[in-house]
Amino acid sequence: QTIQITIGEPDALSIIFLTPDSMICPGTLITLNATAAGGSSPYIYTWTQGGNVVGNNNSLTTEPASSGTQYCLTLSEQCGSPTTQECLTITFPTEISPDVDPDKPKDCIPGQFTFTNTSVNSQDIAVTQYAFSNGQVYNLVGSEDLTADFPNVGLYDVQMTVTSYYGCIYTTNIPNIVEVTPVPIADFTISKNPATWFETTIQTSDLSEGNIAVWNWFSPGSTSIISTGSNAVISYPEGITGTYPITLIVTTTEGCSDSITLEIEIVPDIIIYAPNTFTPDDDEHNQNWLLYIDGIDFENFQLQIYNRWGEKIWESFDASVAWDGTCKGQNVQSGTYTWKVSYKVKDNDGKDFKTGFVNVLR
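Residues numbered from 1 in each chain as written. Predicted model: local features only at pLDDT ≥ 70, side-chain atom pairs only at ≥ 80, totals over all residues. Heavy atoms only, no water.

## What to know about the packing of aromatic side chains
Our working rule: Stacked, edge-to-face and tilted labels apply to pairs of Phe, Tyr and Trp rings (six-membered ring for Trp) whose centres lie within 6.5 Å, assigned for plane angles under 30 degrees, over 60, and everything in between, in that order. Over a ring means this: the NZ of a Lys or the CZ of an Arg is within 6 Å of the ring centre and within 35 degrees of the ring normal.
Applying the stated criterion across every chain yields a total of 17 aromatic pairs. A connected cluster of aromatic rings, assembled from ring pairs, spans Phe113, Phe115, Tyr130, Phe132, Tyr138, Phe150 and Tyr156. Against the face of Phe113 rests Lys104, its NZ or CZ located 5.4 Å from the ring centre. Directly above the aromatic system of Trp309 lies the positively charged group of Arg308, at a separation of 5.3 Å from the ring centroid.

## Comments concerning unusual backbone geometry
Stated precisely, the cut-off is as follows: Helix and strand assignments follow DSSP, with helices taken as H or I runs no shorter than four residues and strands as E runs no shorter than two, numbered in order from the N terminus.
Each neighbour pair has its own omega, and for Ile109 with Pro110 the value is -5 degrees, a cis peptide bond. When you line up the elements, Pro110 lands in the loop between strand S10 (106-108) and strand S11 (111-117). Of note in the backbone geometry, Asn286 takes a positive phi value of approximately 50 degrees without being a glycine. Counting through the fold element by element, Asn286 comes out in the loop between strand S26 (277-278) and strand S27 (292-294). One non-glycine residue, Lys328, adopts positive backbone phi at about 55 degrees.

## With respect to the sheet that holds strand S22 (residues 231-235)
To keep it simple, the criterion reads: Here, a strand pair is defined by DSSP locating no fewer than two bridges between the strands. Here, axes are lines fitted to C-alpha atoms. For helices the fit covers the stretch in contact, and angles between N-to-C directions go from 0 to 180 degrees.
With antiparallel pairing, the 4 strands of this open sheet are ordered in space as S17-S19-S22-S21. A strand with exactly one partner marks an edge of an open sheet, and here the two such strands are strand S17 (188-190) and strand S21 (224-227). Across this sheet, the average inter-strand angle for adjacent strands is 20 degrees, counted without regard to direction. Sheet topology places S17 next to strand S19 (residues 201-206); 3 bridges connect them, and they run antiparallel. Paired with Thr189 across the two strands is Ser205, which belongs to S19.

## Here's the deal with the environment of Asp11
Threshold: Whether a residue is buried, partly exposed or exposed follows from its accessible area with a 1.4 Å probe, protein chains only, as a fraction of its type maximum: under 20%, in between, or over 50%, in that order. By definition, residues are in contact when any of their heavy atoms lie within 4.5 Å.
Residue position: Asp11 is located in the segment before strand S1 (14-18). You can call Asp11 exposed: its relative accessible area is 62%. If we skip the residues at most four places from it in the chain, Asp11 touches Gly38 and Gly39.

## Looking at the pattern of salt bridges
As a reminder, the rule being used: Throughout this description, the term salt bridge denotes a Lys or Arg side-chain nitrogen within 4 Å of a carboxyl oxygen of Asp or Glu.
The full count for this structure, using the stated rule, is 6 salt bridges. In this structure, Glu179 and Lys106 form a salt bridge, with 3.7 Å as the shortest nitrogen-oxygen distance. Residue Glu179 is located in strand S16 (residues 169-181), and its partner Lys106 is located in strand S10; the two are separated by 73 residues in the primary sequence. What you see here is one network of salt bridges that share partners, running through Lys106, Glu179 and Glu254.

And the structure:
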């Protein structure tokens, strides 16, 4: 009896699983896996990239250098069966370049800015984070705008981090992206206050603090304003008393403004008229001597009459009272007498006096 034994050949080598083409984030490791079948002896795995052998196991952990990197696996066995090969490609998603623009570079305290996400390929952004140098952190969905307040004066940096729908993270640091500037302090002086109704032109001098770029002067009721920027020459109607407001509005180069209003008073000039003779002789004419004065503080008025020996013979603290030519109830003799008026300048601490002579004729 003859026994026949048939020896069949093993199945051909095949790669029944290979990690498919994949998209990963740049700088990310990926593990490539393969499963083999067929043959009759231990498998030999040979991974190559760009013609170079990069691995000899059924798995390979690698970091692709660029998008479109191709990896090929050659499967063989020790018995020398015909080899088989398959390849896969690793790509990167389109890169996102984070960037942001504020609606303005500077703002007055308290600063408020709107930030627009201007990143390249922003449609792939899943989450955006802004971390400012003052500790404020904002997380936004996608690439929506951010409006943020900054209550303190200063320059602010931002670290912007975007995460794509693929999980890729991109970060950029932008120094001094916005600045919050202080509000100016408006102030000025007036060359004279009060001014008199015959000298109604005054000059202002700016004392404002801040990075002032524009000065605006206003004074309702004035006849003219000539501005040189930080100073102004202002005139008012002559011969008319009154109080006028002067307003200064200052604006910095950043558009911050402040204002102040001071008042100037136009008062009468000090006018004194003193008759040099009167005749207290009991007729109906010129019986009293009255000093006419205007433009003073009448609460601080004093008028004195002296004889030829320097003796005070009459005194009044009321500008409306006239001298009748007597001293202690007795008529004074005809002759020349000295008068002295002392007064306080209106709305001012300045004091002054005038002297003159008056003749008494009987």
